[in-house]
Amino acid sequence: MSLMSDMVHPDEAPSAVASQPQPAAQGNDARVNNFSLSIATVNGSGSQTSNGVLLRAFFKMGIPVTGKNLFPSNIQGLPTWYIIRLSKDGYLARRDPYEIAVCMNGRTVVEDMAQVAEGGIVLYDDSLPVAARRPDVTYYPMPVGKLVKAANLPFELRDYIANMVYVGALVHILGLDMAEIEAAVEWNFDGKRKPIELNMNMVHSAYEWAQANLTKTDPYRVERMSGFNESKILVGAIFGGVTVVPWYPITPASSLPDALNKYLPKLRSDPETGRGNFAIIQAEDELAALGMVIGAGWAGARAMTATSGPGIDLMAEFAGLAYFAEVPAVIWDVQRMGPSTGLPTRTSQGDILAAYYLSHGDTRYPLLFPADPAEAFEFGHVALDLAERLQTLVMVLSDLDLGMNVWISDRFKYPERPLDRGKVLTVEQLNELGNSWGRYKDVDGDGIPWRTVPGTHASKGSYFTRGTTRNPQAQYSEAGPDYLYNVHRLLKKFATAATLVPQPVVRAAARKSRLGVLYFGSTAPAMDEALTTLAGAGIHLDAMRLRAFPFPPSVAEFIANHDHVFVVEQNRDAQMRSMLINELDTDPAWLIKVLHYDGTPITARFITQAITEHVHALAVAPRREKIQ
């Protein structure tokens, strides 16, 4: 295996430093559709509209693009940043440093300008203080106050529409299609003429000013592309099919019930009466929300709730009930930074151990790890199918990056197979069984008993649902053998779950490698990019993306077939690595931590640098020697 000591990401190599602004680059020197923008504003100033307009315009021009919102947890007033990445090669992970800074916030302007990459550009409100100018950066001032004043806007709208100034300036600087900007504004305001005209007037004014006063001396521009976006959609929050959704508001999970509130009235209503056949209920707290989900699941409905880390903590008692009483339920955990309140508006993969072992005693739950919006949509119905098939609580571990940012996604595939209700006895089956049925009897050898839905039969199939130990007929028992029967059967059911959950995705290296890497969830876009970069540097790794827990046998086989395996995750304590060690009895020396946990989405640069450093150390270490 060849190693490269001075590795630079081809897409992130610094531009040549110039003492004076250089003419706009042409041909091979131009940076076309391949750079990042950081837009620094104030939370609550209306920048979401202008940033969304830019993102949609790039997308409609056919350019692969993604947007990451770094915002504070208060309502308004604090700094916020929106990171837009354009990648002609289709890479969708966050990337740093950024080449273009749009500075609209005086509190952070010095820091924002300082972080621009060499050869980058700065667009800034000319009323803001500017520190010593860097010789390797091009500066474009914007007379935001003057343009807003000239527009004669209503006083209460000035701050909001002021952000359209940088949209107009970027149309000139980057060569954006003005028609796509206008279409994006019309889409954003749903065809309402007055707000469309107010915003577009500001865009045109800023564009005309920039055209007359700003001479382009940088290499960054955009061009219309074809081939990538035609089969994609631009999406935010994703959800799956469901009929009952009790929930309690919490950042960042509230966007999921909000989406359900928007779409279920259209999708789950009786065509004759127009009445909805669903229920979305705001509970008094997270514990009550999960209690309602369990009640609905016991009654035969497909039910779920959405929460984040603090809500998971509060749901522990009812989670244990769902596990031991074997009631179908689904929790979507949109993970954020902890512990405690942590960073409510930053992303994380730090709930893995809490979710897996939630509640006291010997409990464990199937976990799903969606990597992108299309997979989140898929897991929406997969989680509900698994919950009913396995008669247990299933948790989908999304995160803030996936749940609240805007992604390019493959089009969603509606499931072709019918709903999997699992082992539910019918009237005919109950009549045939007579009195031999037992709610917790394992008659098929897979650990999963047969259940009934209340009201199925007038006199057969009823049983007590309890959180205490019982015998196979669901009769209360404190006998040790009955307890052992139940918990051992639950282990058998968990082994069955490993064959039913979504299986890992494997990406083999171009050449035989003794190194592997495991990753999961929203780390996938950065990991896919990093694998390409590492291979270009002579570092080849076999990769496995974990999609669910319990781990199928293929995970243990993957680890066994490599001398060392990197485990990439976004938390401090290497929680996925701990699960691999605990559940597979894996030698810890085989698993090397690659950890990112500052609250920002992980980047390919971070993964590339971390793995490269470890590979250099492994090159001089004995095989299977532990790397600290």
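What comes next concerns the included structure. (Residues numbered from 1 in each chain as written. Predicted model: local features only at pLDDT ≥ 70, side-chain atom pairs only at ≥ 80, totals over all residues. Heavy atoms only, no water.)

Within the protein chain one finds 20 helices and 23 strands. A total of 628 residues make up the protein chain; the buried ones form 56% of that total. Side-chain charges in the protein chain split into 57 positive and 67 negative, and the spacing between the mean points of these groups amounts to 2 Å. (Helix = DSSP H or I, 4+ residues; strand = E, 2+ residues; numbered from the N terminus. Buried < 20%, exposed > 50% of the residue type's maximum accessible area, 1.4 Å probe, protein only. Lys, Arg positive; Asp, Glu negative; His and termini not counted. Charge placed at Lys NZ, Arg CZ, Asp CG, Glu CD.)

Within strand E2 (residues 34-42), eight of the nine residues are buried, which leaves it mostly tucked inside the rest of the structure. Of the pairings in the sheet, the one linking E2 to strand E4 (residues 79-87) comprises nine bridges and is antiparallel in character. By the bridge assignment for E4, Ile 39 is matched with Tyr 82. For E2 and strand E5 (residues 100-103), the ladder comprises four bridges, and the chain directions are parallel. The residue of E5 that forms the bridge with Ala 40 is Cys 103. (Pairing = 2+ DSSP bridges.)

Under the defined criterion, the tally for this structure stands at eleven aromatic pairs. Judged by centre distance (5.7 Å) and plane angle (75°), the ring pair of Tyr 323 and Tyr 365 falls under edge-to-face. Taken together, the residues Tyr 323 in helix H11 (residues 316-325) and Tyr 365 in the loop between helix H12 (352-356) and strand E15 (367-368) connect sequence positions 42 residues apart. For the pair Tyr 323 and Tyr 365, a shared accessibility class is recorded, and that class is buried. Feature note: the residues Tyr 356, Tyr 357, Phe 494, Phe 549 and Phe 551 constitute an aromatic cluster, connected by ring pairs. Over the aromatic face of Tyr 440 sits the side chain of Arg 470, whose NZ or CZ is 3.9 Å from the ring centroid. (Phe/Tyr/Trp six-rings, centres within 6.5 Å; stacked < 30°, edge-to-face > 60°. Lys NZ or Arg CZ within 6 Å of the ring centre and 35° of its normal.)

Taken together, six strands build an open sheet; the order of strands is E3-E4-E2-E5-E6-E7 and the sheet is mixed. A strand with exactly one partner marks an edge of an open sheet, and here the two such strands are strand E3 (65-70) and strand E7 (138-142). Along the sheet, successive strands turn relative to each other by an average axial angle of 15°, direction set aside. Alignment of E5 against strand E6 (residues 121-125), held across four bridges, turns out to be parallel. Bridged to Ala 101 within E6 is Val 122. (Axes fitted to C-alpha atoms, helices over the stretch in contact; angles between N-to-C directions.)

Moving on, we get to helix H20 (residues 604-619). In this model, H20 (16 residues) spans 22 Å end to end at C-alpha, consistent with the 22 Å of a helix rising 1.5 Å per residue. Of the positions making up H20, those classed as buried are Ala 604, Ile 607, Thr 608, Ala 610, Ile 611, Thr 612, His 614, Val 615 and Leu 618. Of the surrounding elements, those touching the buried residues of H20 are strand E19 (515-520), helix H17 (524-536), strand E22 (564-569) and strand E23 (591-595). (Expected span 1.5 Å × (residues − 1). Contact = heavy atoms within 4.5 Å.)

Here the focus is the environment of Val 394. Topologically, Val 394 is positioned in strand E16 (residues 393-399). Overall, the relative accessible area of 0% leaves Val 394 in the buried class. Considered as a pair, Val 394 and Tyr 356 are 38 residues apart in the sequence and their alpha carbons are 9.6 Å apart. The contact partners of Val 394, leaving out residues within four places of it in the chain, are Ala 329, Val 330, Ile 331, Pro 366, Leu 368, Ala 383, Leu 386 and Ala 387.

Here the focus is the pattern of salt bridges. Following the criterion strictly, the structure yields 31 salt bridges and no others. Notably, a salt bridge pairs Glu 326 with Lys 493, separated by 2.8 Å at the nearest N-O pair. With Glu 326 in the loop between H11 and strand E13 (329-337) and Lys 493 in helix H16 (residues 480-500), this pair connects stretches of sequence that are 167 residues apart. Relative accessible area serves as the criterion here: at 1%, Glu 326 is assigned to the buried category. The residue Asp 528 makes a salt bridge to Arg 507 at a minimum N-O spacing of 3.9 Å. In this pair, Asp 528 is assigned in helix H17 and Arg 507 in strand E18 (residues 505-507), connecting sequence segments 21 residues apart. (Salt bridge = Lys/Arg side-chain N within 4 Å of Asp/Glu carboxyl O.)

It is worth spelling out the sheet that holds E19 at this point. Paired through backbone hydrogen bonds, the strands of a sheet run either parallel or antiparallel to each other. Reading across from one edge, E18-E20-E19-E22-E23 is the order of the five strands in this open sheet, with mixed pairing throughout. The strands lining the two open edges of the sheet, one partner per strand, are E18 and E23. Each strand of the sheet is rotated relative to its neighbour by a mean of 20°, with strand direction disregarded. Taken together, the four bridges between E19 and E22 define a ladder with parallel strand orientation. Bridging across to E22, Leu 515 finds its partner in His 564. Running over the sheet, helix H18 (residues 553-560) touches E19, strand E20 (542-546), E22 and E23 and is turned about 155° from E20.

We now examine the nonpolar core. Counting 54 residues, the largest nonpolar core has Leu 54, Phe 58, Ile 84, Leu 174 and Ile 181 as its most contacted members. For this core, the element with the highest residue contribution is helix H5 (residues 164-174), accounting for nine residues. For Phe 58, the residues in contact, after removing those within four places along its chain, are Leu 37, Ile 63, Val 65, Ile 84, Leu 86, Leu 174, Leu 176 and Val 222. (Core = buried A, V, L, I, M, F, W, Y, C linked by side-chain atoms within 4.5 Å.)

Moving on, we get to the packing of H5 against helix H7 (residues 193-213). Interaxial distance between H5 and H7 falls to 7 Å at its minimum, and their mutual angle equals 45°. In terms of orientation, H5 and H7 fall into the oblique class. Note on packing geometry: the crossing formed by H5 with H7 is right-handed. Counted together, Met 164, Val 165, Val 167, Gly 168, Ala 169, Val 171 and His 172 of H5 and Asn 199, Met 202, Val 203, Ala 206, Tyr 207, Ala 210 and Gln 211 of H7 form the full contact between these two elements. (Parallel < 35°, antiparallel > 145°, perpendicular 65-115°, else oblique. Left-handed = near helix turned anticlockwise from the far one by under 90°.)

Let us look at the side chain of Glu 388. Structurally, Glu 388 can be placed in helix H13 (residues 373-390). Relative accessible area serves as the criterion here: at 3%, Glu 388 is assigned to the buried category. Here the side chain of Glu 388 touches Arg 421 through a polar contact of 2.5 Å, side chain to side chain. In this view, Glu 388 contacts Gly 300, Arg 302, Pro 328, Asp 420, Arg 421, Gly 422 and Arg 451; residues no more than four positions away in its chain are not counted. (Polar contact = N/O pair within 3.5 Å; in protein donor to acceptor, adjacent residues only side chain to side chain.)

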